[in-house]
Amino acid sequence: MTQQPQVDQSKPSIARVYDYLLGGKDNYAPDREVGDFFIKDLPGSVDIAYANRNCLVRAIGEISRAGIKQFVDIGSGLPTADNVHQVAQRHQSEPHVVYVDNDPIVLAHGRAILETDEFTTVIQADLRDSEGIRHHPEVERLIDFSQPVAVIFSAILHHLNNDEKPEQVVRYWADQISSGSMLYISHFRSGFNEQTRVAEQKLQSTFGRGRWRTDEEILGLFGDLEILEPGLVPCSLWRPEPTAEGMARIGGDHHDLSVWEQLISAALSRKP
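Presented here is an overview of the structure given in this document. (Residues numbered from 1 in each chain as written. Predicted model: local features only at pLDDT ≥ 70, side-chain atom pairs only at ≥ 80, totals over all residues. Heavy atoms only, no water.)

## Examining the overall build of the chain
When helices and strands are tallied, the chain shows 11 helices and 8 strands. Rg of the C-alpha trace for the chain: 18 Å, near the compact-globule value of 19 Å for 272 residues, within the 12% margin. In terms of overall dimensions, the chain has a C-alpha envelope of 45 × 45 × 40 Å along the principal axes. Within the chain, buried positions represent 53% of all 272 residues. Residue pairs in contact within the chain that sit at least 24 positions apart in sequence constitute 71% of those at least 6 positions apart. Of the roughly 12500 Å² of accessible surface on the chain, a fraction of 48% belongs to carbon and sulfur atoms. Charge separation in the chain, taken as the distance between the mean sites of 26 positive and 40 negative side-chain charges, equals 1 Å. (Helix = DSSP H or I, 4+ residues; strand = E, 2+ residues; numbered from the N terminus. Rg over C-alpha atoms; globule rule 2.2 N^0.38 Å. Buried < 20%, exposed > 50% of the residue type's maximum accessible area, 1.4 Å probe, protein only. Contact = heavy atoms within 4.5 Å. Areas by Shrake-Rupley, 256 points an atom, 1.4 Å probe, with all protein chains shown as cover. Lys, Arg positive; Asp, Glu negative; His and termini not counted. Charge placed at Lys NZ, Arg CZ, Asp CG, Glu CD.)

## Section: the pattern of salt bridges
Side-chain pairs of opposite charge can arise where the charged atoms are in close proximity. Across all of its chains, the model carries 14 salt bridges by this definition. Residues Arg128 and Asp126 are paired through a salt bridge, measuring 2.6 Å at the closest nitrogen-oxygen approach. Among the residues examined, Asp126 registers a relative accessible area of 24% and is labelled partly exposed. With its nearest N and O atoms 3.0 Å apart, the salt bridge here joins Arg141 to Glu138. Taken together, the positions of Arg141 and Glu138, both in helix α7 (residues 137-142) and 3 residues apart, correspond to about one turn of that helix. (Salt bridge = Lys/Arg side-chain N within 4 Å of Asp/Glu carboxyl O.)

Structure below.
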């Protein structure tokens, strides 16, 4: 019988706070306390979570339509609606997906949900342990790095301090993937205003880590990878769907967005 990972319910978790902000049920009182700060003290800030999630869904659709059917989602968080494997399955038959997160509750819930899916798995690992992830038996079982792979860093690299070398984490995976592979990053960007400074300080004081970055710093994480259109833009402006709301976004600029929507940006890159 597989031993269930131990979950520390006394401390907030990045994955569980995010789950709470998205309306999920897999969270505890300390997670809700942090989440309520954003909901009540910084009205509108929950837009960040939704803008980021919706952008990820669109990105996985674009990657899948490009013919890629292998995904490594690093810092995946708790399962929610429109997970990577579910979006990919709309476009590809039997995509191979590995979710990676260091929160044991993600592992427990992921295993329960994915018991009957032999092509999708979840492993518990620290995103800084790139070698450990790369050579994990489940990664080696599902991912063929001689073929195109999509590596996903959705709203996770801003939880690394500069001295933890996030650019080296990205570079490791850029070196591992083959030509034609894609790498996606969404990241909190410096807002240079009081609301976003308060939000940044709250996360740093809660988790003891993390750093918002400028557009130039975020672009620097991609190294030599080719950044695809429309480049690095706020998530809400990244290839919006052709709905009534989406059409209003097309051709828009940062000034059309709320201060919170401007705080989370994304880009998709390809390895030549």
